[in-house]
Amino acid sequence: MTVAPLVESSPRRGGSGLLRHVAGKVGGALASLAAVVVLGFFLFRLIPGDPTVTMTRGRQVDEAQIAELRALHGYDRPILEQFGKYVGGLLHGDMGTSLFYRRTVAELIGERVGPTLLLVGTSTLIAVTLGLWLGIRGAWRRDSAFDRASTGVALVGWAMPAFWLGMLLSMVTGDLFPSGGMRFSSTPPGFWPQALDVAHHMVLPCLTLIAVVYAQYQLVMRSSLLEEMNADYLTTARAKGLRDDQVRRKHAVPNALLPTVTLVFLHIGLVVTGAITVETVFSWPGLGLLTYEALAGPDLPLLQGTFVVLAGSVIVMNVLADLLYQVLDPRVRAS
């Protein structure tokens, strides 16, 4: 009589525990995002320069007109009043209006998200595939010439600053690949000509991002697989008569993938922020270049908007990594 209720209540406890875990992660993410909003607003107020001067740059205006613009945009109001108005706008989806472009920040960010996702998504996909392949091959042939060469090249690429490597690739390749923009204005209309033109422009920024990122995946995959190689279950698999490739593919690699998959999600958000320097070097019209232009102003509404979006992408990816860890690792679910 006492056993049945215990057996039936176990799934409910597991379900409620999972919901509490998810709610805790989402709550923590919202708290982090709120901290980002507060930090972004007050931190960017410390940047030297008057936003109203940015608006009137290149025009003949007097002090009275500048004061009028400052009052129009609320920059003459107390800082806490400006913050309250900013937070109220964010809660209604209003990020403000760019001082430089004279367009809404949400509209500008919406236009630039696509190019950034294209560049970062393509480079991340290639970097993950390359890093995993090199890490697996290197670990399985530990201390071989291939392992030492691939690890050394990866560490050199990881140590290079992205902007320096980008400029170096531009000089080395010369006119072989475009070093700026996303497409030529002379490219004929149509899907394939435009797609090939964009792919041609992506080569150098994509190579730069891959070179500085793939080493992290390679080294984690190599280290994780080395830890699995002496496990008893691999000895058992070999004793059953499985070939070495089958032992690696069916047993060792799946168990070693967990830390690398988690790292991939954790780093996707960081790669988006890291694209700022690469997009600036290659004039790629994405969020990174938009952030650089906002910082050069300074264009405070645009800077705050891009900061919230970039930091928000890191927070969202961290939450997804935590939740994915629950799915992939039964030991975490059991705990």
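The structure we're discussing is the one just above.
These numbers come from a predicted model, not from an experiment.

Reading the values: the criteria
Residues numbered from 1 in each chain as written. Predicted model: local features only at pLDDT ≥ 70, side-chain atom pairs only at ≥ 80, totals over all residues. Heavy atoms only, no water. Helix = DSSP H or I, 4+ residues; strand = E, 2+ residues; numbered from the N terminus. Areas by Shrake-Rupley, 256 points an atom, 1.4 Å probe, with all protein chains shown as cover. Patch = residues over 30% accessible without salt bridge, like charges linked within 9 Å, V, L, I, M, F, W, Y side chains within 5 Å. Salt bridge = Lys/Arg side-chain N within 4 Å of Asp/Glu carboxyl O. Buried < 20%, exposed > 50% of the residue type's maximum accessible area, 1.4 Å probe, protein only. Phe/Tyr/Trp six-rings, centres within 6.5 Å; stacked < 30°, edge-to-face > 60°.

**Student:** Give a description of the overall build of the protein chain that names residues and reports values.
**Tutor:** Along the protein chain, the regular secondary structure elements total 13 helices and 0 strands. Starting at the N terminus and walking to the C terminus, you meet the elements of the protein chain as α-α-α-α-α-α-α-α-α-α-α-α-α. A total accessible area of about 18,600 Å² is found for the protein chain, and carbon and sulfur atoms account for 66% of it.

**Student:** Which residues make up a nonpolar patch on the surface, and what values do they have?
**Tutor:** There is a patch of nonpolar side chains on the surface, built from L39, L43 and L46 and spanning about 320 Å² of accessible area. Classification of L43 by relative accessible area gives partly exposed; the value is 41%.

**Student:** Run through unusual backbone geometry, naming residues and quoting values.
**Tutor:** Phi angles above zero are rare outside glycine, and R102 is one such case at about 60°. When you line up the elements, R102 lands in the loop between helix 4 (79-91) and helix 5 (105-140). For R102, a relative accessible area of 42% corresponds to the partly exposed category. Despite not being glycine, D143 has its phi angle at roughly 65°, a positive value. Looking at the secondary structure, you find D143 in the loop between helix 5 and helix 6 (145-159).

**Student:** How would you summarise the packing of aromatic side chains if you had to cite specific residues and measurements?
**Tutor:** Going through the model one piece at a time under the given rule, you end up with 7 aromatic pairs. On the basis of an interplanar angle of 85° and a centroid distance of 5.9 Å, the ring pair of W133 and F146 is categorised as edge-to-face. Placement of W133 in helix 5 and of F146 in helix 6 is noted, with a sequence separation of 13 residues between them. Owing to a relative accessible area of 28%, F146 belongs among the partly exposed residues under this scheme. Plain terms: the ring middles of F191 and W192 are 5.0 Å apart, the flat faces sit at 80° to each other, and that makes the pair edge-to-face. Judged by its relative accessible area of 61%, F191 falls in the exposed class. One aromatic cluster is present, built from ring pairs that chain together F41, F42, F83 and Y86.

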